[in-house]
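# What the coordinates show
Below, each chain spelled out in residue letters.
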Amino acid sequence: MTLLLESLFNGAAIGSVLLIAALGLAIVFGLMGVINLAHGELMMLGAYTTYVVQSFFKLPLLEPLFGGYIFVAVVVAFLVSGLVGLLLERSVIRRLYGRPLETLLATWGVSLILQQFVRTVPLAWSTGLWLAAMVALAGPLVGNRLWGLRQRPWLLRLGSWVVAAAVGVAAAGWIRGAMPKLARASARNVDVTAPRWLRGGLDLGDWTLPIPRLVIIGLTILAVVAVYWFLNRSLWGLRIRAVTQNRTMSDCLGIPTQTVDALTFGVGSGLAGVAGVAVSLLGSVGPNVGGDYIVGCFMVVVLGGVGNLWGAVVASAGIGVLTDVIGAGRLLEVWPQMPARLQQGVEFFATTSMARVLVFALIVLVLQVRPAGLFPQRGRMAEV
Amino acid sequence: MADTRSRWPPRWSQVLLWGMGLALVLALPSLVSPFRLNLLGRYLSLAIVALGIDLIWGYTGLLSLGQGIFFALGGYGAAMHLQLNCHSCSRAAGGLPEFFGLYGVQQLPWFWEPFHSPWFTLVAIWLAPALVAGLLGFLVFRNRIKGVYFSILTQAALLVFFNFFNGQQKLINGTNGLKTDLTRLLGMMVGSDAMQRNLFWLTALLALLTWLLCRRLVVGGRFGHALLAIRDDEARLRCLGYNPTPFKTMVFALAGGLAGISGALYTVQSGIVSPQFMAAPFSIEMVIWVAVGGRGTLWGAMAGALVINMAKSLVSEAWPQTWLFIQGGLFLLVVTTLQGGVVGWFQEGGPRRLLARLGWRTRLSTYPALELETGPEGED
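Keep in mind it's a predicted model, so treat the numbers as computed, not measured. Per chain, residue numbering runs from 1 following the sequence as it is written. Following the order in which they are written, the chains are lettered starting with A and the ligands numbered starting with 1. The model is predicted, so local features are restricted to residues of pLDDT at least 70 and side-chain atom pairs to those at 80 or more, both for listing and for counting; the totals for chains, interfaces and linings are taken over all residues. To get the side-chain values, take all heavy atoms of the structure and skip hydrogens and water.

This part is about the overall build of chain A. Elements are defined by DSSP. Helices are runs of H or I of four residues or more, strands are runs of E of two residues or more, and each kind is numbered from the N terminus. For chain A, the count of helices and strands is 16 helices and two strands. Relative to the 2.2 N^0.38 estimate, which gives 21 Å for 384 residues, the radius of gyration of chain A is 23 Å and therefore close to what a compact globule would have. When its C-alpha atoms are laid out on the principal axes, chain A stretches across 85 × 60 × 35 Å. Burial classification: accessible surface area is computed with a 1.4 Å probe over protein chains only, and a residue below 20% of its type maximum counts as buried, one above 50% as exposed, and the rest as partly exposed. For chain A, buried positions account for 49% of its 384 residues. For the accessible areas, the method is Shrake-Rupley and the probe is 1.4 Å, while residue cover comes only from the protein chains on display. Of the roughly 18500 Å² of accessible surface on chain A, a fraction of 67% belongs to carbon and sulfur atoms. Here chain A holds 27 positive side-chain charges and 15 negative ones, and the gap between their average locations is 13 Å. For a compact globule the rule gives 2.2 Å times the number of residues to the power 0.38, and the radius of gyration it is set against comes from C-alpha atoms. Here Asp and Glu are counted as negative and Lys and Arg as positive; His is not counted, and neither are the chain ends. The atom standing in for a charge is NZ when the residue is Lys, CZ when it is Arg, CG when it is Asp and CD when it is Glu.

Written out as C-alpha cells, the structure is:
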C-alpha cells in the first residue's frame, strides 16, 4: 500500500513539473497550432526571474518578507515571459501563421538568441530592459487619462519612450550598485535560495514528502484551474475558443482576431514563466535549463491530444507514474520472485535515462495505435 | 521542367569548371595547414548529411529533426571497427578495447562481433542507419503522421537514442564515446596528417559520388517526380492511385544511409564519436545548413553546410560570444525573408529584384511566362 502511494506521489511529482511546463505549450500549440521551440527558453527566463526577485528580497528593506518572495516571483515571471512572448508574436510568429515548419525553425532561432542573451547580458541590464519595456507599454494607458496628453499623441508616445528609457537605465544602474551579483554576466549556473519553509520535508510516519515537490504540485493544480477558468469562463477565453474554431466567422462577428492571437501567445508564454519558477526550485538555473524539458512537453501535448487540456493532464500523470515505476524498478519490489530473465530486463531500465528511453519508445508505440493522441478532438477535419 | 540530364560531349566551360575543382581538391593539402584541412574535410562530410536532409525536406517536405541518430550510428560503426582492430592500443583483459576493462566487462557484447570484419563495417555504416531510418519511417508514415508531428516524433526518437547511448557504459562507453585518432587503418595512424589528407580526398570523392547519385534520382526521374508530388500535394497523389508510404520510407532510408556515411567520415576525421552527435541542437543545426544554402537545390544544401560551418569556426575563433546570435539570426532570416535560401534567391531572380528596388531597373529579356517553366527544383 505504501509502495503504491509512494509511486503515485513520485509520479505526481514528475508529472506535475511536466504538466506545468506543458500547459503553456498546450495553449500555444493546441489552440494556435504554433510550434514554439523557444518555450523552454521562456521557462529559463522565468527561472532567472525567480533568481532576480530572490536577490531583491535579500536587500535589508525586504529581508523580513523573504519567505514570501516565491509568490511575487510567480507573478513577475508570468509578466516577464509573457512580455517576451508578446514581442515574439508581434515581430515573428505573426508572419508565419499557417506554416508550422517555418515557425518551428524561427522559434528555434529565437531560443538560441535568448540563450546567448542571458550569457552575455548582465541580469541587471536585462531587468532594466524589462522595466523599460513595461513602462513603455503602460505609459500610453496612463497618459491617455490626462486630457492634455490625449490631444497630442506624438508627445505621449515620445514621452513614454523617454520615461521608459530613463527608468530602465536608472534601475539597471541602481541594481548594479545594490546587488553586485547581478552586475556581471556569466554563463555559469546560479542557485535560487529557497525560503526556510520550503526546505525539508513533511513527516508522515515512516515516510517524508519533500516540500518543494508539494509546492510544485500545488502550483500546477492552481495553474490548471486558472487556465480552465480563463478559457471556459472568461470573455477573452470565449473569444480565443471562437477564433480557434472558426477564424473567419469570428472576424466577421467583430472579434479582434489579431489581438486574440497576441493574447493567446502571451498567456501561453507567461505560463512558461510560471513553470520556470517551479523548475528553479528543483535545481540550479542555467542558460540550458529549458532544453531539458522541451521534448517532454511536446510529448505530453501530442500524447494527450492536441487542443485538449484534460488530455495533457492525463498524459503527464501517466508519463510521470510510468517514469517512476520503470526508473525505480518498482516491479521488482512488487514481484520479487520474477524469472531471472525478466529481472535482468527490469534492472536494465531502472535508471533515470533508461526509463526515459522506454517511456518515449512507449509513447511512439501508443501514437501508432492512436495517431491523434489519447483524446483526439472530434471534428470534420479531414487532415490532422 | 527543363531537361537537365548531362549531355555528351560536355561543354568546354563545364570541363574547365570540373578540372579546376579537381585541381583545387588535389592541391588543397599543400595550400592550407593540416588543421584547416582537417576542418575542411569534416565540413565536407557534413555536406553529405545535408544532401540527405535536402532530399527529405527540400524535395519531399519531411522535416526531420533526428538525422543525428543516423549520423551517429554511422560514426559508431566506424569507431567500433577501428577500436577492435587496433593492435597497438592498450588492451583490457581478453584483448577487448581498453574501456571495457574500466567497467569490468569480460566478454565482447554480441553486436560488436561482426565489426571485426572491414567488409561488414563498410556495408554497415550506411546500411544499418538506412534500415533504422526505414523502420522508423515506415512506422510513422504508415499512420499518415506528417508535418510537425513527424518533426516532433523524430526529435523524440533522437532523445531515445541519445539517452540510450549516453547511459550504456558497458556496451559502448556511454558519455565518453569511442576515440579513433590513435587507432590504425591500413597500417597508418588515423590521427596522422598523411592519413587525414587521404581521408580528405576520400570525403571529397564520396561527396561528389553521393551528389551525382542524388541528382540522378531526383532530377528528371520518376522517383523524383513522386517526391515532389508528395511535397506539393500528398492528398492528390493518393487520389491518383499512388501510395506515398513506400516513397517516403525509401527516401527517408536513403537520407539515413547518407547520414551514416557522413557520420563515419566525420568520426574518423574528428577522432571521436560520442552521444553528443545525437544532441538535439546539432540535428536542428543540420536543417539550417540546408535552409540557408537553398532547399530543393542539391548543391545549395552542400554549399550551405560547408560555408556555414566554416563561418562558424572562423567567427567562434574571433568572437566566441556572437556565434549563437548569428545562428539564431540566420534561422529568422531564412524563415521570414529568404525562403528559398541563397541559391534559391539567385534562381528566382533575387539580384534583379534587389537592383530594381535600388532604382536600377533592367528589362526582362524573355517573355515573362517562360520564367514559370523552370521551378526551384530545376538544377543546372
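All right, on to the overall build of chain B then. Of the regular secondary structure elements, chain B holds 16 helices and four strands. A globule of 380 residues ought to have a C-alpha radius of gyration of about 21 Å, and chain B, at 22 Å, matches this closely. With respect to the principal axes defined by its C-alpha atoms, chain B has extents near 75 × 55 × 50 Å. We call two residues in contact whenever any of their non-hydrogen atoms come within 4.5 Å of each other. Contacts in chain B between residues at least 24 apart in sequence constitute 78% of all its contacts with a sequence separation of at least 6. Counting every atom, chain B has about 18200 Å² of accessible surface; 66% of that belongs to carbon and sulfur. Placing the 27 positive and 17 negative side-chain charges of chain B at their respective mean positions leaves the two points 2 Å apart.

Interface size is often expressed as the accessible area that is lost when the parts come together. Taken together, the contact between chain A and chain B spans 41 residues of the former and 39 residues of the latter. Buried area is a sum: the accessible area each of two parts loses on coming together, probed at 1.4 Å, counted once for each and added. A buried area of about 3700 Å², summed over both sides, lies between chain A and chain B, and 77% of it is on carbon and sulfur atoms. A side-chain nitrogen of Lys or Arg and a carboxyl oxygen of Asp or Glu constitute a salt bridge if their distance falls within 4 Å. For the interface between chain A and chain B, the tally reads one salt bridge. Between A:Glu102 and B:Arg295 there is a salt bridge whose closest N-O contact spans 3.5 Å. The term polar contact refers here to a pair of N or O atoms within 3.5 Å; inside protein, the definition further demands a hydrogen-donor-capable atom paired with an acceptor-capable atom, and it admits residues adjacent in sequence only when both atoms are side-chain atoms. Inspection of the region where chain A meets chain B yields two residue pairs in polar contact (both at pLDDT 80 or more). Those elements that provide at least two residues to the side of chain A that touches chain B are helix 4 (100–120), helix 12 (291–304) and helix 16 (352–369) of chain A. A total of 16 residues in the side of chain A that touches chain B trace back to one element, the largest contributor, which is helix 4 of chain A.

Turning our eyes to something else, we now look at the nonpolar core. Think of a nonpolar core as a cluster: buried Ala, Val, Leu, Ile, Met, Phe, Trp, Tyr and Cys residues, connected wherever their side-chain atoms sit within 4.5 Å. Core analysis: the largest hydrophobic core is formed by 211 residues, its most contacted members being A:Phe29, B:Trp57, B:Trp112 and B:Trp289. Considering each element in turn, this core owes the most residues, 16 residues, to helix 2 (residues 34–59) of chain B. Core analysis: the second largest hydrophobic core is formed by five residues, B:Leu82, B:Val190, B:Met195 and B:Leu199 among them.

Before going further, it helps to examine the side chain of B:Ser262. Residue and element names in this part refer to chain B. Inspection of the secondary structure puts Ser 262 in helix 10 (residues 244–270). Given the relative accessible area of 0%, Ser 262 is considered buried. Beyond its immediate chain neighbours, meaning those up to four positions away, Ser 262 contacts Ser 45, Leu 46, Ile 48, Val 49 and Phe 71.

Moving on, we get to the confidence of the model for chain B. Residue and element names in this part refer to chain B. A residue's pLDDT is simply how confident the predictor is in it, with values from 0 to 100. For chain B, per-residue confidence averages 83 on the pLDDT scale, and 92% of positions sit at 70 or higher. Looking at the elements of chain B, mean pLDDT is at its lowest for helix 16 (residues 368–371), recorded as 52, and at its highest for helix 10, recorded as 92. On the interface metric, ipTM, the complex scores 0.80, and its pTM is 0.84.

All names here are of chain B. According to the stated counting rule, one finds eight salt bridges over all chains in the structure shown. Its salt-bridge partner being Glu 234, residue Lys 248 comes within 3.1 Å of it at the nearest N-O pair. One end of the pair, Lys 248, is in helix 10; the other, Glu 234, is in helix 9 (residues 222–239), with 14 residues separating them in the sequence. On the basis of relative accessibility, which here comes to 9%, the residue Glu 234 falls in the buried class. Via salt bridges that share partners, Glu 234, Arg 238 and Lys 248 belong to a single interconnected network.

A word on the packing of aromatic side chains. All names here are of chain B. Geometry of aromatic contacts follows a simple scheme: Phe, Tyr and Trp rings, the Trp one being its six-membered ring, pair when their centres are within 6.5 Å, and the pair is stacked under 30 degrees between planes, edge-to-face over 60, tilted otherwise. Scanning the entire structure with this criterion turns up 25 aromatic pairs over all chains. Between Phe 71 and Phe 277, the ring centres sit 5.4 Å apart and the planes meet at 45°, which makes this aromatic pair tilted. One end of the pair, Phe 71, is in helix 3 (residues 67–84); the other, Phe 277, is in the loop between strand 4 (272–273) and helix 11 (280–293), and 206 residues separate them in sequence. Both residues of the pair, Phe 71 and Phe 277, belong to the buried class. For the ring pair Phe 141 and Phe 252, a centre distance of 6.0 Å and an interplane angle of 80° mean the geometry is edge-to-face.

All right, on to unusual backbone geometry then. Glycine aside, residues mostly have negative phi, and peptide bonds are mostly found in the trans state. Of note in the backbone geometry, B:Asn173 takes a positive phi value of approximately 65° without being a glycine. Structurally, B:Asn173 is set in the loop between helix 7 (169–172) and strand 1 (178–179).

One full turn of an α-helix is made of 3.6 residues, so residues set three or four places apart face in the same direction. Look at helix 4 of chain A: 30 Å from first C-alpha to last across 21 residues, which is about the 30 Å you get at 1.5 Å a residue. For helix 4 of chain A, a buried count of 16 out of 21 residues is recorded, marking the element as mostly surrounded by other parts of the structure. The span you would expect from a helix comes to 1.5 Å times its residue count less one.

Residues and elements named next belong to chain B. Any residue with relative accessible area above 30% and no salt bridge may belong to a patch, with like charges joined within 9 Å and the nonpolar Val, Leu, Ile, Met, Phe, Trp and Tyr side chains within 5 Å. Taken together, Trp 18, Leu 202, Leu 205, Leu 208, Leu 209 and Leu 212 make up a surface patch of nonpolar side chains, about 540 Å² in accessible area. Of the residues forming the nonpolar patch, the biggest block, five residues, is contributed by helix 8 (residues 193–218). Residue position: Leu 209 is located in helix 8.

As a further point, take the environment of B:Gly104. Residues and elements named next belong to chain B. When you line up the elements, Gly 104 lands in the loop between helix 4 (98–102) and helix 5 (118–142). Exposure remark for Gly 104: the relative accessible area of 49% places this residue in the partly exposed category. Put simply, Gly 104 and Thr 322 are 218 residues apart on the chain and 44 Å apart in space, counted from C-alpha to C-alpha.

Turning our attention to the confidence of the model for chain A. Averaged over chain A, the pLDDT score is 82; the fraction of residues at 70 or greater is 96%. Here residues 379–384 of chain A scores under 50 on pLDDT; set against residues more than four positions off or in separate chains, the count is two contacts.

Right, let's get into the side chain of A:His39. Residues and elements named next belong to chain A. Along the chain, His 39 falls in helix 2 (residues 39–56). The class for His 39 is buried, based on a relative accessible area of 1%. If near-sequence neighbours (up to four positions away) are discounted, His 39 is found in contact with Ala 21, Gly 24, Leu 25, Gly 268, Ala 272 and Ile 294.

Let us look at the pairing of strand 2 (residues 207–210) of chain A. All names here are of chain A. With burial as the criterion, only one face of strand 2 is covered, namely that bearing Trp 207 and Leu 209; the residues Thr 208 and Pro 210 on the opposite face remain uncovered. Between any two strands, pairing holds if DSSP finds at least two bridges. One ladder, built from four bridges, connects strand 1 (residues 201–204) with strand 2; its direction is antiparallel. Note that in strand 2 the partner of Leu 202 across the bridge is Leu 209.

It is worth spelling out the environment of B:Ile172 at this point. Residues and elements named next belong to chain B. Positionally, Ile 172 belongs in helix 7. As a C-alpha pair, Ile 172 and Phe 99 span 73 residues in sequence and 8.8 Å in three-dimensional space. For Ile 172, the residues in contact, after removing those within four places along its chain, are Tyr 76, Met 80, Phe 99, Phe 111, Trp 112, Phe 165 and Leu 178.

This next bit is on the packing of helix 2 of chain B against helix 8 of chain B. Geometry of a packed helix pair, given as the angle between the helix axes and the separation of the axes. Residues and elements named next belong to chain B. Here the axes come from fitting lines to C-alpha atoms, over the contacting stretch only for helices, and the angles between their N-to-C directions go from 0 to 180 degrees. In the contact formed by helix 2 and helix 8, the axes pass within 9 Å of each other and the chain directions differ by 20°. Our classification of the angle between helix 2 and helix 8 gives roughly parallel. Note on packing geometry: the crossing formed by helix 2 with helix 8 is left-handed. Residues Pro 34, Leu 37, Asn 38, Leu 40, Gly 41, Leu 44, Ser 45, Ile 48, Leu 51, Leu 55 and Tyr 59 of helix 2 touch helix 8, and the partners they reach there are Asp 193, Gln 196, Arg 197, Phe 200, Thr 203, Ala 204, Leu 206, Ala 207, Thr 210, Trp 211, Cys 214 and Val 218. Following the grouping adopted for this structure description, the nonpolar residues are Ala, Val, Leu, Ile, Met, Phe, Trp, Tyr, Cys and Pro, the charged ones are Asp, Glu, Lys and Arg, and the polar ones are all others, Gly among them. Tallied by class, the residues present in the contact of helix 2 with helix 8 amount to 15 nonpolar, six polar and two charged. Reported orientations rely on four angle classes, namely roughly parallel under 35 degrees, roughly antiparallel over 145, roughly perpendicular from 65 to 115, and oblique for the rest. Should the near helix be turned counterclockwise from the far one by less than a right angle, the crossing is left-handed, whereas a clockwise turn marks it as right-handed.

With that settled, consider the packing of helix 16 of chain A against helix 6 (residues 148–167) of chain B. One way to put it is that helix 16 of chain A packs onto helix 6 of chain B with a least axis distance of 8 Å and a crossing angle of 150°. By the angle between their directions, the pair helix 16 of chain A and helix 6 of chain B is classed as roughly antiparallel. Seen from above, helix 16 of chain A lies across helix 6 of chain B with left-handed handedness. Contacts from A:Ser353, A:Met354, A:Arg356, A:Val357, A:Phe360, A:Ala361, A:Val364 and A:Leu367 in helix 16 of chain A reach B:Leu153, B:Leu159, B:Val160, B:Asn163, B:Phe164 and B:Gly167 in helix 6 of chain B. Residue composition of the contact of helix 16 of chain A with helix 6 of chain B, grouped by class: 10 nonpolar, three polar and one charged.

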